[in-house]
Amino acid sequence: MSDYFYSKTYRQNIVYLKKSLFLLFIFFLSNLSAQTKGLLNTSKSSHVLMHNVDMDAVKWENGFWGERFRIYKDTMVLNMWKTLSNPEIAHAFRNFEIAAGEKDGVHVGPPFHDGDFYKWFEGLASVYALTKDPDLDKLMDNIIATVSKAQRADGYIHTPVIIEERNRTNKEVAFNDRLNFETYNLGHLMTAACVHYRATGKKSMLDMAVKAADFLQHFYENASAELARNAICPSHYMGVVEMYRTTQNPKYLALSKNLIDIRGMVENGTDDNQDRVPFRQQTTAMGHAVRANYLYAGVADVYAETGERKLLENLESIWNDIVNRKMYITGACGALYDGTSPDGTNYIPDSIQKVHQAYGRAFQLPHSTAHNETCANIGNVLFNWRMLQITGDEKYADVLETTMFNSVLSGVSLDGKRFFYTNPLRVSNDFPYTLRWSKEREEYISYCNCCPPNTVRTLTEAHNYLYSVSGKGVWFHTYGGNELQTALPDGSKLHLKQTTDYPWDGKIAIKIENSTSKKEFSMFIRIPQWSQKTNLSVNGKKVEVSPESGSYLEVKRRWKKGDVIELNLDMQPMLMEANPLVEEARNQIAVKRGPIVYCLESADLPEYQSIDNIFIPVDIKLTPRKITIDNSTIVCLEGEAELISENKSWENQLYRPVENQKQKVNIRLLPYYAWGNRGKGEMTVWMPLSR
């Protein structure tokens, strides 16, 4: 596609802006003062069904997430600061100090180090939003003082380039290498700045983000078509839209639309980066799973502001492809360490490309070699949250909850100190290859530490995914012990308290502590797909409408102080089977209870027995029991399975006759997210079924 076409397209997108430049400054000031404080500020988005509550509206109480959050705020966040600020371990903050002129030295680490630091900073701001800890506020102020000095006057900030410019070596040039992750870093700066502004009311980091967004807008207005393709891992789609929502500067919305327009319109695009063809021609998930999910979340943001129907149609088609053909039972995405695209459905040699961390073909879901980068799983959360806000369809809440409880939580150890990059569904001591990533969690993943800070920000922001509000009332997406104090769109105040041991127990009590509304409004109670039998009552009286699995049940009335909603979800353990086209899961089952996927660890088997020798009877009775691992409360499942005794070694054998020497054995299944917290061992999610 020619540079002329690119320039013409851009001019068409921004022509109306030239008529309103005089008002931009007024827009900026007025909309900052009227800002809501949700994780996403969709309060003025025309094409969403519901909106976030403020970041400080939900306070964790006791229960699962209350316990997790205490570890996150007291250990995980600050422990990572010690890592990122220690140049002997990670050079992330030291790079900013050098770029700011506070230290001497050279850039060390990958080009996306800046963006990873911004992700951790966003998590820090999210914790502050709930705790208002003055020490955290002071720490953020000190960090911003350094980082802001690393930014050029034109708004550009990317420490590999800034340091080379300061050292007068000029080995790095801005946007010279499309694999240099500049736009990725700038995108995370923007989202972190918006969160910091909403948490603190301070504009110190937001001012940086405005300069960066202006730089990016100017860059895309003047760059050649080929140079404009610098969009590896496009966090800037989300970042630019959030800057528009924060400032109401229409230049940023025009930029976000242009980013989609130019995607796939140049030569030498790749499926790895989802730009071989224009986005509006994409209907299936392809390529690098992290980049893909970030793109889909960003496009959903653009739809929320523009309402372009084609974008939503493609997103829905892609979502169906992911969930029905390419996603793991844990919500994880990106099955392959390395794949090819297009896949085996055709053979045109010149068109075949290697794809790193790939989605792969439909139903290609290996267990031991599952890649499932934590960042890809987080991208799945971001994508589904936006689709849920747009449509109000429970299926998006189901995927979001599944992913959070399983393949995001699995990314960090129970003590909050160690992290996974990949999240396989099976680990065997006999596996004959050394994979690229460790089988054990690490405090710092030296080769690529992008997942740990992403995990930090996502889990510290988990409270933002519980509720939404709309003109009709309040939406309950998932559950946990908490208090909500929020305002409805009409200005009336609502204070409620949720008491539950969810996800370990399906009993949830929601008490109205105060409501100032003088009219009826609705509570939209999510009934998860996995709850086959659900009871719901208000003030002890069963609701007239039968709750339907996979839906939101609307309960409308004039709510008053003292009203109590009681929800009882079915938490029976279920044996799950996969589509027969998932070859590695044929004749195997996984176990799920509520939103939690379970696994078998070798630590819970008799000595010298392998996970390979355990068969699960189709009629197994699994009993929940609370245990403690590493000071964390966990509900395991216990039952009686079958153990196949092996008297021969598999060494140097590929096939052999079947033996049938069974005996009963007691087993314990752990939540998948909690595996690997008791030392090195074997693990499997899928187990052979005995009928």
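Remember, it's a predicted structure, so these values are computed and weren't measured experimentally.

About the cut-offs
- Residues numbered from 1 in each chain as written.
- Predicted model: local features only at pLDDT ≥ 70, side-chain atom pairs only at ≥ 80, totals over all residues.
- Heavy atoms only, no water.
- Buried < 20%, exposed > 50% of the residue type's maximum accessible area, 1.4 Å probe, protein only.
- Helix = DSSP H or I, 4+ residues; strand = E, 2+ residues; numbered from the N terminus.
- Pairing = 2+ DSSP bridges.
- Contact = heavy atoms within 4.5 Å.
- Polar contact = N/O pair within 3.5 Å; in protein donor to acceptor, adjacent residues only side chain to side chain.
- Expected span 1.5 Å × (residues − 1).
- Axes fitted to C-alpha atoms, helices over the stretch in contact; angles between N-to-C directions.
- Phe/Tyr/Trp six-rings, centres within 6.5 Å; stacked < 30°, edge-to-face > 60°.
- Lys NZ or Arg CZ within 6 Å of the ring centre and 35° of its normal.
- Parallel < 35°, antiparallel > 145°, perpendicular 65-115°, else oblique.
- Left-handed = near helix turned anticlockwise from the far one by under 90°.
- Nonpolar A, V, L, I, M, F, W, Y, C, P; charged D, E, K, R; others polar.

Novice: Tell me about the pairing of strand β18 (residues 596-601), and name the residues and values.
Specialist: With six of six residues buried, β18 is to be regarded as a mostly interior element. The alternating pattern of β18 places Ile596, Tyr598 and Leu600 on one face and Val597, Cys599 and Glu601 on the opposite face, and all of these are buried. Both strand β17 (residues 588-593) and β18 contribute to a ladder of two bridges, which runs antiparallel. Each residue of the ladder has a partner; that of Arg593, found in β18, is Ile596. Counting the residues that bridge the hairpin from β17 to β18 gives two residues, and of these Gly594 lies at a positive phi of roughly 60°. For β18 and strand β23 (residues 683-684), the ladder comprises two bridges, and the chain directions are antiparallel. Looking at β23, one finds that Leu600 is bridged to Thr684.

Novice: Can you explain the environment of Leu669? Please cite residues and give values.
Specialist: Following the sequence through the fold, Leu669 ends up in strand β22 (residues 662-671). On the basis of relative accessibility, which here comes to 1%, the residue Leu669 falls in the buried class. Taking the C-alpha atoms as reference points, Leu669 and Phe175, 494 residues apart in sequence, are found 50 Å from one another. Dropping the residues within four chain positions of it, Leu669 is found in contact with Val591, Tyr598, Cys599, Leu600, Leu622, Cys636, Leu637 and Met687.

Novice: Can you break down the side chain of Asn314 residue by residue, with the values?
Specialist: Looking at the element boundaries, Asn314 is found in helix α13 (residues 309-326). Residue classification places Asn314 among the buried residues on the basis of a relative accessible area of 2%. Looking at Asn314, its side chain comes within polar contact range of the main-chain oxygen of Phe279, at 3.0 Å. In contact with Asn314, other than residues within four places in its own chain, are Phe279, Arg280, Gln281 and Gln282.

Novice: Can you tell me about α13, naming the residues and giving the values?
Specialist: Between its terminal C-alpha atoms α13 stretches 25 Å, which fits the 26 Å expected from 18 residues at 1.5 Å a residue. Of all the positions in α13, only Leu311, Leu312, Asn314, Leu315, Ile318, Trp319, Asp321, Ile322 and Lys326 are classed as buried.

Novice: Please provide a residue-by-residue account of the sheet that holds strand β14 (residues 551-557), values included.
Specialist: Two pairing modes exist for strands in a sheet, parallel and antiparallel, and in both the strands are linked by backbone hydrogen bonds. The strand order across the open sheet formed by five strands is β1-β6-β7-β11-β14, and the pairing between neighbours is mixed. Each edge of the open sheet is held by one strand with a lone partner, namely β1 (51-52) and β14. Across seven bridges, the pairing between strand β11 (residues 521-527) and β14 is antiparallel. Across the sheet, Phe524 pairs through a bridge with Glu554, a residue of β14. In this fold helix α15 (residues 394-408) packs onto β11 and β14, with an angle of close to 55° to the strand it touches most, β11.

Novice: Talk me through the sheet that holds strand β10 (residues 507-515); I want residue IDs and the actual numbers.
Specialist: The seven strands are arranged β2-β8-β9-β10-β15-β12-β13 in an open sheet whose pairing can be described as antiparallel. Edge strands, defined here as strands with exactly one partner in the open sheet, are β2 (58-60) and β13 (541-542). Relative to strand β9 (residues 493-500), strand β8 (residues 482-487) runs antiparallel, the two sharing six bridges. Residue pairing across strands places Glu483 opposite Lys497, the latter belonging to β9.

Novice: Can you explain the packing of aromatic side chains? Please cite residues and give values.
Specialist: Taken as a whole, this structure holds 31 aromatic pairs when the rule is applied. Aromatic side chains Phe96 and Phe117 sit 5.5 Å apart centroid to centroid with 55° between the ring planes, which places their arrangement in the tilted category. Here Phe96 is found in helix α4 (residues 92-99), whereas its partner Phe117 is found in helix α5 (residues 113-131), with 21 residues between them in sequence. Take Phe96: its relative accessible area is 0%, and that puts it in the buried class. Summarising the aromatic geometry, the rings of Phe181 and Tyr184 are spaced 5.7 Å apart at their centres and angled 80° between planes, so their arrangement reads as edge-to-face. Taken together, the ring pairs in this structure connect Trp60, Phe64, Trp65, Phe405, Tyr479, Tyr502, Trp504, Trp530 and Tyr673 into an aromatic cluster. Sitting over the face of the ring of Trp559, Arg557 holds its NZ or CZ atom 5.3 Å from the ring centroid. Lying across the ring of Trp650, Arg656 places its NZ or CZ 4.0 Å from the centre.

Novice: Account for the pairing of β9, naming residues and giving values.
Specialist: Remember that side chains alternate between the two faces of the sheet whenever the strand is regular. Where β8 folds back on β9, the antiparallel hairpin that results is connected by five residues, among which Gly491 adopts a positive phi of roughly 95°. Looking at chain direction, β9 and β10 are connected through seven bridges and run antiparallel. When the sheet's bridge partners are listed, His495 is paired in β10 with Asn514. From the end of β9 to the start of β10, which pair antiparallel, there are six residues.

Novice: Account for unusual backbone geometry, with residues named and values stated.
Specialist: Between Tyr502 and the following residue, Pro503, the backbone shows a cis peptide bond with an omega angle of 10°. A positive phi angle, near 55°, is found at Lys132, a position not held by glycine. Note that Lys132 resides in the loop between α5 and α6 (134-149). Although it is not a glycine, Asn539 adopts a positive phi angle of roughly 55°. The topology assignment puts Asn539 in the loop between β12 (535-538) and β13.

Novice: Hey, could you go over the environment of Phe181 for me, with residue numbers and the actual values?
Specialist: Secondary-structure assignment places Phe181 in the loop between α7 (159-166) and α8 (182-200). In this structure Phe181 comes out as buried when scored by relative accessible area, which is 13%. Excluding its chain neighbours within four sequence positions, the residues that come into contact with Phe181 are Pro111, Phe112, His158, Ile232, Cys233 and Arg291.

Novice: Residues and numbers for α4, please.
Specialist: For α4, a buried count of seven out of eight residues is recorded, marking the element as mostly surrounded by other parts of the structure. Among all positions of α4, only Ala92, Phe93, Asn95, Phe96, Glu97, Ile98 and Ala99 are buried. In this structure, the buried side of α4 is in contact with α3 (64-84), α5, α6 and α7. Downstream of α4 by one or two residues, Gly101 has phi in the positive range, about 85°.

Novice: Got a sec to walk through the packing of α13 against α15? Specific residues and values, please.
Specialist: Orientation of α13 relative to α15, taken along the N-to-C sense of each, is 45°, at an axis distance of 13 Å. Compared by their axis directions, α13 and α15 come out oblique. Our pair here, α13 against α15, has a crossing hand that is left-handed. Contact residues: Glu316, Trp319, Asn320 and Val323 in α13; Lys395, Tyr396 and Val399 in α15. Its residues assigned to classes, the contact of α13 with α15 comprises four nonpolar, one polar and two charged.

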